[in-house]
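Chain by chain, the residues run as shown.
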Amino acid sequence: MNNPNIYKDRREKLMQSMGKGVAILKGAPQQTRTNDTEYPYRQDSDFFYLTGYVEPGAACIIDPNNQDQPFTLFVLPQDPKKEVWTGWRLSFEETVQQYGADQALDITEFNNSALKAMTQASNVYTNLNHDREHQHKMLDQLRQVRGAVQRSGGGPEGLQSIGSIVHNMRLIKDEHEIAIIQKAVDISHEAHVKAMQVCIPGLHEYQLQAVMESHFVFEGASGPAYTSIVASGDNATVLHYIKNDAVIKDGDLILIDAAAEYEMYAADITRTFPANGKFSEPQKALYSVILKAQKAVIAAAKPGVTFQELHDLDLRLLVEGMVEIGLLEGTPDEIIETASYQDYFMHKTGHWMGLDVHDMGMYMLDGKSRVLEPGMVFTVEPGIYVNSNSDAPERYRGIGIRIEDDILITENGNKNFTEAVPKEISEIEALMGKAKS
Ligand code: GLY
Ligand code: MN
Ligand code: MN
């Protein structure tokens, strides 16, 4: 468990924003995999951000109207018979101590306490995520509380997403978060290098996945931050290819989009390299277009620039490059105007990254693209995907390339978390050549 003060500071910030509102939050539910077997447990990101609590079966109330005990954690009580199967549970006293709670109560007391807290609140904030049962309960209770309002006056008007406050907070990463993200990146970096080193034609894609994911876990990550994409040849033109079951062929490029989750934080890295260690001329041409755009976008990322400006720059450079190498015909202006580039580039340049790989936070404010600020973390991931059925020049068919780095906006510009992950053609060829000699 990290320093509980980190989470306390966040709750205090939240309380300032809520005024007389109350946050009533449920931890993520456990998900059944088959019969009586469950998926590995992963806490809800907002819940974790505010509490640091990672165990299943929890809930919390953060209530500025309760001045003596603003933070109550509700947890599974100790139960020796159950603990034999699923592991030790902290006592309520230990929970209070470790998580800096004002009190810890049995989860069975959650609904009653929530009802009580609601009656005194001007507004109720809760997590509007995948836990429908919790949301229905909140609505039922709100209806109950509202029933008394006609005579008592006041009372909460409705339910609001906790995200309306917390996602804005999560968008700006602090030192503690930045250090964890760097660790997630470092582990992922080593795994990408390993994949390049062991790759030879004839392996299955899943064998590279295994090398990488075993490295994640070996180094203390909880596993992949998202389902790993290991896509060779034409498979790399499917954006979310996750089958990873094809045999890697000589002459293929391999696109690997895989990264670790470390202490709840994601990295998100894509590298594309030749199965046999040498880029062909058409592969080089396409790769160079993407690399040039990617580097230019990273160089332009600094406070004051908007997210949309980065995308516009990326798009223009990709389109100019595609015209130059004969993949697209026409002028860049026409191609952008008619969006005909979408045959080959069909996603955005990047996304926020943090506790969720596609992290929370608005990309637009008041109808305008968000201006970058120090502490924001996002990916820059241009790509070009030419599937084998396309009517592109034959030399480019069956090639998918993406290059993805993770960027932190700093006071004066940015820091590239993934700077050291090889992406120059010469670097990749040298690394792979050395591994094979
Ligand atoms: N790995 C998912 C993405 O790049 O957005
Ligand atoms: Mn990404
Ligand atoms: Mn990715």
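Reading the values: the criteria
- Residues numbered from 1 in each chain as written.
- Chains lettered and ligands numbered in written order.
- Predicted model: local features only at pLDDT ≥ 70, side-chain atom pairs only at ≥ 80, totals over all residues.
- Heavy atoms only, no water.
- Donors = N, O, S within 2.8 Å, 3.2 Å for Na, K, Ca; no water.
- Tetrahedral: all angles 85-135°; square planar, octahedral: opposite > 155°, others 65-115°.
- Helix = DSSP H or I, 4+ residues; strand = E, 2+ residues; numbered from the N terminus.
- Buried < 20%, exposed > 50% of the residue type's maximum accessible area, 1.4 Å probe, protein only.
- Contact = heavy atoms within 4.5 Å.
- Polar contact = N/O pair within 3.5 Å; in protein donor to acceptor, adjacent residues only side chain to side chain.
- Salt bridge = Lys/Arg side-chain N within 4 Å of Asp/Glu carboxyl O.
- Axes fitted to C-alpha atoms, helices over the stretch in contact; angles between N-to-C directions.
- Parallel < 35°, antiparallel > 145°, perpendicular 65-115°, else oblique.
- Left-handed = near helix turned anticlockwise from the far one by under 90°.
- Nonpolar A, V, L, I, M, F, W, Y, C, P; charged D, E, K, R; others polar.
- Near = heavy atom within 4 Å.
- Pairing = 2+ DSSP bridges.
- Phe/Tyr/Trp six-rings, centres within 6.5 Å; stacked < 30°, edge-to-face > 60°.

J.: Sorry if this is basic, but what is going on with the coordination of the manganese ion (ligand 3) here?
T.: Tetrahedral coordination by four donors sets the ideal angle at the metal to 109.5 degrees; octahedral coordination by six donors sets it to 90 or 180 degrees. Of the protein atoms, only D257 (OD), D257 (OD), D268 (OD) and E404 (OE) coordinate the manganese ion (ligand 3), at distances of 2.0 to 2.3 Å. Coordination at the manganese ion (ligand 3) is irregular: its six donor atoms span angles of 57 to 171 degrees at the metal. All donors of the manganese ion (ligand 3) come from a single chain, and their spacing in sequence reads D-x10-D-x135-E. The metal-metal distance between the manganese ion (ligand 3) and the manganese ion (ligand 2) is 3.3 Å, with D268 coordinating both. With a gap of 147 residues between them, D257 in strand 11 (residues 253–257) and E404 in the loop between strand 19 (399–402) and strand 20 (405–409) connect regions that are remote in the sequence.

J.: Any chance you could explain the coordination of the manganese ion (ligand 2) here in plain terms?
T.: Taken together, the protein ligands of the manganese ion (ligand 2) are D268 (OD), H351 (NE2), E381 (OE) and E404 (OE), with distances of 2.0 to 2.2 Å. Considering all six donor atoms around the manganese ion (ligand 2), angles at the metal cover 51 to 154 degrees and the coordination shape is irregular. Mapped onto the sequence, the residues coordinating the manganese ion (ligand 2) show the spacing D-x82-H-x29-E-x22-E.

J.: Hey, could you run me through the environment of T272 in this one?
T.: Mapped onto the fold, T272 is located in strand 14 (residues 270–274). Since its relative accessible area comes to 0%, T272 is described here as buried. If we ignore the near neighbours within four places in the chain, the residues touching T272 are L253, I254, L255, F279, Y287, G400, I401, R402 and I428. For T272, the side chain forms a polar contact with the main-chain oxygen of R402, separated by 2.8 Å.

J.: Mind showing me how you'd approach the pattern of salt bridges here?
T.: Where side chains of opposite charge bring their charged atoms close, a pairing between them can arise. As enumerated under the stated definition, the model contains 19 salt bridges in all. Close ionic contact of R146 with E157 constitutes a salt bridge, the shortest N to O distance being 3.6 Å. In this pair, R146 sits in helix 6 (residues 132–152) while E157 sits in the loop between helix 6 and strand 8 (159–161), placing the two residues 11 residues apart along the sequence. Look at E157 and you get exposed, because its relative accessible area is 61%. Residues D359 and R170 are paired through a salt bridge, measuring 2.7 Å at the closest nitrogen-oxygen approach. Residue D359 is located in the loop between helix 12 (332–338) and strand 15 (364–365), and its partner R170 is located in helix 7 (residues 163–171); the two are separated by 189 residues in the primary sequence. Among the charged side chains, a network of salt bridges with common partners joins D46, R170, K173, D356 and D359.

J.: So what exactly am I meant to see when it comes to the packing of helix 10 (residues 281–300) against helix 11 (residues 307–324) here?
T.: The geometry of helix 10 relative to helix 11 is characterised by a closest axis approach of 9 Å and an angle of 155 degrees between their N-to-C directions. Viewed along their axes, helix 10 and helix 11 adopt a mutual orientation that is roughly antiparallel. For helix 10 against helix 11, the interelement crossing comes out right-handed. Listed contacts from helix 11 to V289, I290, A293, A296, V297 and A300 of helix 10 are L310, L313, D314, L317, L318, G321 and M322. Looking at the contact of helix 10 with helix 11, its residues break down into 11 nonpolar, one polar and one charged.

J.: I would appreciate a short explanation of the site of ligand 1 in the present structure.
T.: All residues adjacent to ligand 1 are Y226, D257, D268, H351, H358, E381 and E404. A distance of 3.1 Å separates an oxygen atom of ligand 1 from a polar side-chain atom of E381. A distance of 3.1 Å is found between an oxygen atom of ligand 1 and a side-chain nitrogen or oxygen belonging to E404. Considered class by class, the residues forming the shell around ligand 1 number one nonpolar, two polar and four charged.

J.: Looking at this model, I keep getting lost on the pairing of strand 4 (residues 59–62). Mind explaining?
T.: On strand 4, burial covers both faces: A59 and I61 on one face and C60 and I62 on the other are all buried. Pairing geometry for strand 1 (residues 22–26) and strand 4, over four bridges, is antiparallel. Along strand 4, the bridge assignment pairs I24 with I61. Bridging between strand 4 and strand 5 (residues 71–75) involves four bridges; their strand directions are antiparallel. Of the residues in strand 5, the one forming a bridge with I62 is F71.

J.: Honestly, the sheet that holds strand 7 (residues 124–126) in this entry has me stumped. Any pointers?
T.: Pairing between the strands of a sheet comes from backbone hydrogen bonds, and it takes one of two forms, parallel or antiparallel. Spatial strand order, 6-5-4-1-7-8: six strands in an open sheet with mixed pairing. A strand with exactly one partner marks an edge of an open sheet, and here the two such strands are strand 6 (103–106) and strand 8. Averaged over all pairs of adjacent strands, the angle between their axes in this sheet comes to 25 degrees, without regard to strand direction. Across three bridges, the pairing between strand 7 and strand 8 is parallel. Bridging from a neighbouring strand, T126 pairs with S161 of strand 8.

J.: How should the packing of aromatic side chains be read in this particular structure?
T.: We describe a pair of aromatic rings using the distance from one ring centre to the other and the angle between the two ring planes. Scanning all chains against the criterion turns up nine aromatic pairs. Pairing Y7 with F48 gives two aromatic rings, centres 5.8 Å apart and planes at 70 degrees, and the pair type is edge-to-face. Taken together, the positions of Y7 in helix 1 (residues 4–18) and F48 in helix 2 (residues 45–51) put the pair 41 residues apart, joining distant regions of the chain. Here Y7 matches F48 in class, with each residue buried. Here F307 and F378 contribute two aromatic rings whose centre-to-centre distance is 5.4 Å and whose plane-to-plane angle is 75 degrees, an arrangement assigned as edge-to-face. Here the residue F307 occupies a position in helix 11, and F378 occupies one in strand 17 (residues 377–380), the gap between them amounting to 71 residues. Residue classification places F378 among the buried positions, given a relative accessible area of 0%.

J.: Whenever I open this one, unusual backbone geometry confuses me. Can you help?
T.: Residues other than glycine predominantly adopt negative phi, and peptide bonds predominantly adopt the trans conformation. Phi is positive for N244, which is not a glycine, with a value near 55 degrees. The topology assignment puts N244 in the loop between strand 10 (229–232) and strand 11. A relative accessible area of 0% places N244 in the buried class. Even without glycine at this site, E263 takes up a positive phi of about 45 degrees. Residue placement: E263 occurs in the loop between strand 12 (260–262) and strand 13 (265–266). E263 gets classed as partly exposed once you look at its relative accessible area, which sits at 40%.

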